[in-house]
Amino acid sequence: MTAVPAKPRGTWLAKVPVLRELRQSVGVQRFMLLVGVIITLVYILVALLAPVIAPYRFNQLQDASGTFPGSAAPSATHLWGTTIAGYDVLSRTLYASQTALMAIVAAVIISLIIGVLLGLFSGYFGGPLDRILVVVCDAIYAFPSLLLAIVISIMLSRGQSSLWSGIMAAALSISVVYVPQYFRVVRSEVVRIKAEAYVESAKVIGAGNGRVLFVHVLRNSVRTLPLIITLNAVDAFETLAGLGFLGLGIEPSSAAEWGYDLQKAVSDVTAGIWWTALFPGLAIVLLALGISLLGEGLNDLADPRLRRRSAEANEAALELEA
Amino acid sequence: MAEKTHAASGGLIRYLVVRFLLIFPTIFILVTLVFFLMRVTGDPITASQGGRLPPDELAQRIHTAGYDQPIIVQYAQYLGQLLRGDFGTTYSDHQPITTVLTTYGTATLELAVYALVVAFIVGIPLGMLAAFIRDRWGDAVLRVLAILFYATPIFFSGLLLKLVFSIWLHVLPVAGRASTTVELKMQELSNPTGIYFIDALRTGDPAALPDVLQHAILPAVTLGLLTAGIFLRLVRTNVIGTLNTGYIDAARSRGVGEYRLVTRHAFRPALIPIITVIGLQIAMLLGGAVLTETTFEWNGLGYQLNHYLQARDFVAVQGIVALLAVIVAVVNFIVDIIAALIDPRVRY
């Protein structure tokens with residue numbers, strides 16, 4: 001997320017990407033963006049502090065007072081109950097935010113770097129390679145990412161995942177689907193921008209291809225990326241959970257993961273045991289909601305058709321009163 | 001889709017031909033991708049049986065299946081097979097993959113159609129409503145709802161619906177596509193279509209269709225809400241976009257009411273992006289179908305894929321995934337054609 005060269009007003013705080021948008025926004029849009037930012041920050045904090053705030057370890061089955069009971073309803077010792085194997089649901093749900101965060105970071109870094117670079121070079125230099133890349137990306141991006149994830153996880157891990165191979169399976173498969181999305185967006189921007197006068201002027205004063213690409217074109221072609229990054233992030237940890245749900249996930253002894261716990265909860269639900277499914281599920285939904293609100297908020301502000309400015313907001317308020 | 005820059009004003013026929021020819025590189029790229037992803041770290045027999053068989057027997061099986069040949073040779077053979085319409089044979093129960101498709105594909109198709117119906121009924125009116133009341137609190141609620149619809153993983157929304165409606169309220173069946181008695185009756189039919197909606201009608205039993213539909217409600221809602229969320233968002237954004245255009249102002253100044261403006265004038269142009277997105281949704285529906293079918297034991301392609309996964313039959317998994325890639329490519333072609341027929345601007 002390169003900061004768009006903004007007018008130098010206010011302090012440096014006004015230039016930090018998400019904070020800048022928060023200052024610009026008004027009314028309902030500001031509220032939705034703010035909620036998204038808060039939820040996302042809370043998850044990052046929980047992930048970092050999980051060992052401190054979780055009552056037990058994610059793979060702990062007993063403490064000083066003995067072995068944990070299996071399928072115990074929520075109580076004072078186990079606030080969110082225990083799973084059939086005797087794991088503490090609260091602890092595993094908290095710890096799983098670490099796993100999710102790792103998948104998100106890995107997936108976004110891989111897809112962003114490859115997608116943006118390919119789009120940049122392909123759009124700028126054109127030629128037959130550009131055309132081939134366009135066809136390849138069009139072919140791949142409509143493909144169901146979960147199916148790719150299944151294939152990749154089989155080959156990375158033979159179906160039984162350690163923490164590392166489980167995360168990489170999700171991250172790589174999401175990258176395969178998201179590289180084309182970054183590519184398409186960046187490439188079309190680059191094709192437009194390279195015809196702009198300021199790019200030509202840069203060339204005229206002797207800037208090399210590298211300087212033109214990375215200073216002039218790159219900066220101006222990444223404005224629409226925040227929305228894709230948030231979609232990419234949501235898909236990354238949900239694919240990890242989907243793999244876990246299909247039994248291709250991470251073993252419970254090596255890391256906590258919401259999808260794995262939900263798979264184990266399927267038979268619990270039929271028996272009326274709700275706590276093993278509800279809490280990991282809600283954790284997924286809340287994180288997805290937070291990141292999506294963040295993404296939509298940023299997108300609204302980047303799209304003039306959807307943006308509301310203070311003056312318009314006043315008009316709307318007047319309409320409401322009338 | 002691709003190559004818009006090289007477009008000539010050739011009209012519809014030319015577009016159809018070009019778009020049709022594009023299917024082939026698309027399929028070629030996807031099956032190539034799946035093939036090399038599956039094979040880059042080893043062969044499927046070692047992956048499923050390694051450590052469970054004595055080494056010499058393992059080597060024997062690998063040799064029989066031809067997995068000891070250079071990967072390029074295998075790839076060429078694989079492409080040759082595909083050209084003959086042969087997607088391989090499952091390793092565990094020796095079924096041709098194409099038979100798996102014809103046996104279980106109808107169930108997945110039926111589920112996808114139900115889900116699309118749910119998506120239309122829920123997503124489009126709510127999207128128009130959100131555009132109508134935009135930037136008020138009701139709009140914010142609808143937008144959060146849209147995010148919840150598409151961001152809630154299918155296996156969780158499925159479990160919740162199951163818990164509430166099947167376990168606690170006992171109003172809908174837990175799993176399956178029909179009750180056993182109804183399934184037996186449908187199996188007696190001379191030529192079952194595999195589409196239970198039709199087969200249930202053909203049994204002549206008045207209780208059959210309600211039974212089939214009852215079983216379909218939860219899976220259809222689970223999968224449909226996912227797409228409904230996307231539709232809601234898309235209709236909202238596009239209707240707001242068209243509401244800002246000059247012809248809407250013109251209509252408003254002629255005295256057309258706001259309600260009619262949103263539902264007629266602004267909605268029609270907003271439909272075109274929805275049709276295009278349906279094409280992309282097919283991919284999501286197929287991915288989602290794997291999870292939905294697993295959650296509700298809906299015996300379609302996705303359920304079978306999961307079955308073969310559990311059986312560690314990776315030959316079958318590769319075959320089914322490659323076949324689904326072909327289906328995605330063909331469906332996207334059909335959707336693009338429909339979009340071109342409706343909207344002349346799409347054509348080259």
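Caption draft 1: Geometry of the overall build of chain B. Along its length, chain B carries 15 helices and 0 strands. Seen through its principal axes, chain B has C-alpha atoms that stretch 85 × 60 × 40 Å. Scored against the burial criterion, the 348 residues of chain B give a buried share of 52%. By element, 66% of the accessible surface of chain B is carried by carbon and sulfur atoms, the whole surface being about 15500 Å². Charged side chains in chain B number 24 positive and 22 negative. The centres of these two groups are separated by 14 Å.

Caption draft 2: Just the interface of chain A and chain B, in detail. Contacts between chain A and chain B engage 55 residues on the former and 62 residues on the latter. A buried area of about 5600 Å², summed over both sides, lies between chain A and chain B, and 75% of it is on carbon and sulfur atoms. Taken together, the connections running from chain A to chain B amount to 2 salt bridges. Between Glu296 of chain A and Arg233 of chain B there is a salt bridge, with its nearest N and O atoms 3.0 Å apart. For the pair chain A and chain B, the interface holds 4 residue pairs in polar contact (both at pLDDT 80 or more). Within the residue set of the side of chain A that touches chain B, elements represented by two or more residues are helix 2 (27-53), helix 4 (127-141), helix 5 (145-157), helix 9 (225-245), helix 10 (258-270), helix 11 (275-302) and helix 12 (310-321) of chain A. Here the element with the most residues in the side of chain A that touches chain B is helix 11 of chain A; it accounts for 12 residues. Considered class by class, the residues forming the side of chain A that touches chain B number 40 nonpolar, 6 polar and 9 charged.

Caption draft 3: Here's a closer look at the side chain of Arg187 of chain A. Residue and element names in this part refer to chain A. In this fold, Arg187 is placed in helix 6 (residues 163-193). On the basis of relative accessible area, Arg187 is assigned to the buried category, the value being 18%. A distance of 2.7 Å separates a polar atom in the side chain of Arg187 from a polar atom in the side chain of Asp130. Each residue touching Arg187, except ones within four places of it in the same chain, is listed here: Gly119, Ser122, Gly123, Asp130, Val134 and Tyr182.

Caption draft 4: Up close: the environment of Leu34 of chain A. Structurally, the position occupied by Leu34 of chain A is in helix 2. Taking the C-alpha atoms as reference points, Leu34 of chain A and Leu19 of chain A, 15 residues apart in sequence, are found 9.6 Å from one another.

Caption draft 5: The arrangement of the environment of Leu148 of chain A in detail. Along the chain, the position of Leu148 of chain A falls in helix 5. Owing to a relative accessible area of 0%, Leu148 of chain A belongs among the buried residues under this scheme. Separated by 21 residues in sequence, Leu148 of chain A and Ala169 of chain A place their C-alpha atoms 9.1 Å apart. Beyond its immediate stretch of four places on either side in the chain, Leu148 of chain A contacts Phe143, Ser173, Val176 and Val177 of chain A together with Leu33 and Leu37 of chain B.

Caption draft 6: Just a nonpolar patch on the surface, in detail. All names here are of chain A. A cluster of nonpolar side chains, contributed by Val105, Ile109, Ile113, Ile114, Leu117, Phe121, Phe125 and Phe214, occupies part of the molecular surface with about 700 Å² of accessible area. For the nonpolar patch, the element with the highest residue contribution is helix 3 (residues 89-125), accounting for 7 residues. Relative to the assigned elements, Ile113 resides in helix 3. On the basis of relative accessible area, Ile113 is assigned to the partly exposed category, the value being 48%.

Caption draft 7: The arrangement of the confidence of the model for chain B in detail. Residues and elements named next belong to chain B. On average, residues of chain B score 80 in pLDDT, and 93% of them are at 70 or above. For chain B, helix 2 (residues 44-49) is the element with the lowest average pLDDT, namely 71, and helix 5 (residues 97-132) is the one with the highest, namely 88. In the model, residues 1-9 has pLDDT below 50 throughout and makes 16 contacts with residues more than four positions away in sequence or in other chains. Here the prediction assigns the complex a pTM of 0.80, and the interface score ipTM is 0.79.

Caption draft 8: Structural view of the packing of helix 3 of chain A against helix 10 of chain A. Residue and element names in this part refer to chain A. For the pair helix 3 and helix 10, the least separation of the axes is 9 Å and the interaxial angle reads 135°. Judged by the inter-axis angle, helix 3 sits oblique to helix 10. Along its contact with helix 3, which presents Arg92, Thr93, Ala96, Ser97 and Ala100, the element helix 10 presents Trp258, Tyr260 and Asp261. Across the contact of helix 3 with helix 10, the residue classes break down as 4 nonpolar, 2 polar and 2 charged.

Caption draft 9: Focus on helix 5 of chain B. Between the first and last C-alpha of helix 5 of chain B there are 49 Å, a value that for 36 residues agrees with the 52 Å anticipated at 1.5 Å per step. Tyr104 of chain B marks the point of greatest bend in helix 5 of chain B, at about 45°.

Caption draft 10: Looking closely at the packing of aromatic side chains. Under the definition given, this model contains 16 aromatic pairs over all chains. Look at Phe31 of chain A and Trp137 of chain B: their rings are 5.3 Å apart centre to centre, the planes differ by 75°, and that puts the pair in the edge-to-face class. Note that Phe31 of chain A is positioned in helix 2 and Trp137 of chain B in helix 6 (residues 137-151), a pairing that runs across two chains. Classification of Phe31 of chain A by relative accessible area gives partly exposed; the value is 44%. Summarising the aromatic geometry, the rings of Trp80 of chain A and Phe279 of chain A are spaced 4.3 Å apart at their centres and angled 10° between planes, so their arrangement reads as stacked.

Caption draft 11: The confidence of the model for chain A, seen in detail. Of the residues in chain A, 86% have a pLDDT of 70 or more, and the chain-wide mean is 78. Predicted confidence in chain A is weakest over helix 12 of chain A, with a mean pLDDT of 49, and strongest over helix 3 of chain A, with 88.

Caption draft 12: Local environment of the environment of Phe197 of chain B. Residues and elements named next belong to chain B. Structurally, Phe197 can be placed in helix 9 (residues 196-203). The class for Phe197 is partly exposed, based on a relative accessible area of 32%. Filtering out sequence-adjacent residues up to four positions away, Phe197 remains in contact with Glu110, Tyr114, Leu209, Val212 and Leu213.

Caption draft 13: Geometry of the nonpolar core. Core analysis: the biggest nonpolar cluster contains 169 residues, and Ile150, Phe237 and Trp258 of chain A together with Val239 and Val317 of chain B have the highest contact counts within it. The leading source of residues in this core is helix 15 (residues 314-342) of chain B, at 15 residues. Residues in contact with Ile150 of chain A, not counting those within four places in the same chain, are Leu243, Leu246 and Leu248 of chain A together with Leu305, Leu309 and Val317 of chain B. If you look at the next biggest cluster of nonpolar residues, it comprises 8 residues, including Ala178, Met186, Tyr196 and Leu209 of chain B.

What counts and what doesn't
- Residues numbered from 1 in each chain as written.
- Chains lettered and ligands numbered in written order.
- Predicted model: local features only at pLDDT ≥ 70, side-chain atom pairs only at ≥ 80, totals over all residues.
- Heavy atoms only, no water.
- Helix = DSSP H or I, 4+ residues; strand = E, 2+ residues; numbered from the N terminus.
- Buried < 20%, exposed > 50% of the residue type's maximum accessible area, 1.4 Å probe, protein only.
- Areas by Shrake-Rupley, 256 points an atom, 1.4 Å probe, with all protein chains shown as cover.
- Lys, Arg positive; Asp, Glu negative; His and termini not counted.
- Charge placed at Lys NZ, Arg CZ, Asp CG, Glu CD.
- Contact = heavy atoms within 4.5 Å.
- Buried area = accessible area lost by both parts, 1.4 Å probe.
- Salt bridge = Lys/Arg side-chain N within 4 Å of Asp/Glu carboxyl O.
- Polar contact = N/O pair within 3.5 Å; in protein donor to acceptor, adjacent residues only side chain to side chain.
- Nonpolar A, V, L, I, M, F, W, Y, C, P; charged D, E, K, R; others polar.
- Patch = residues over 30% accessible without salt bridge, like charges linked within 9 Å, V, L, I, M, F, W, Y side chains within 5 Å.
- pLDDT = per-residue confidence, 0-100.
- Axes fitted to C-alpha atoms, helices over the stretch in contact; angles between N-to-C directions.
- Parallel < 35°, antiparallel > 145°, perpendicular 65-115°, else oblique.
- Expected span 1.5 Å × (residues − 1).
- Bend = angle between axes of the 7 residues up to and from the residue.
- Phe/Tyr/Trp six-rings, centres within 6.5 Å; stacked < 30°, edge-to-face > 60°.
- Core = buried A, V, L, I, M, F, W, Y, C linked by side-chain atoms within 4.5 Å.

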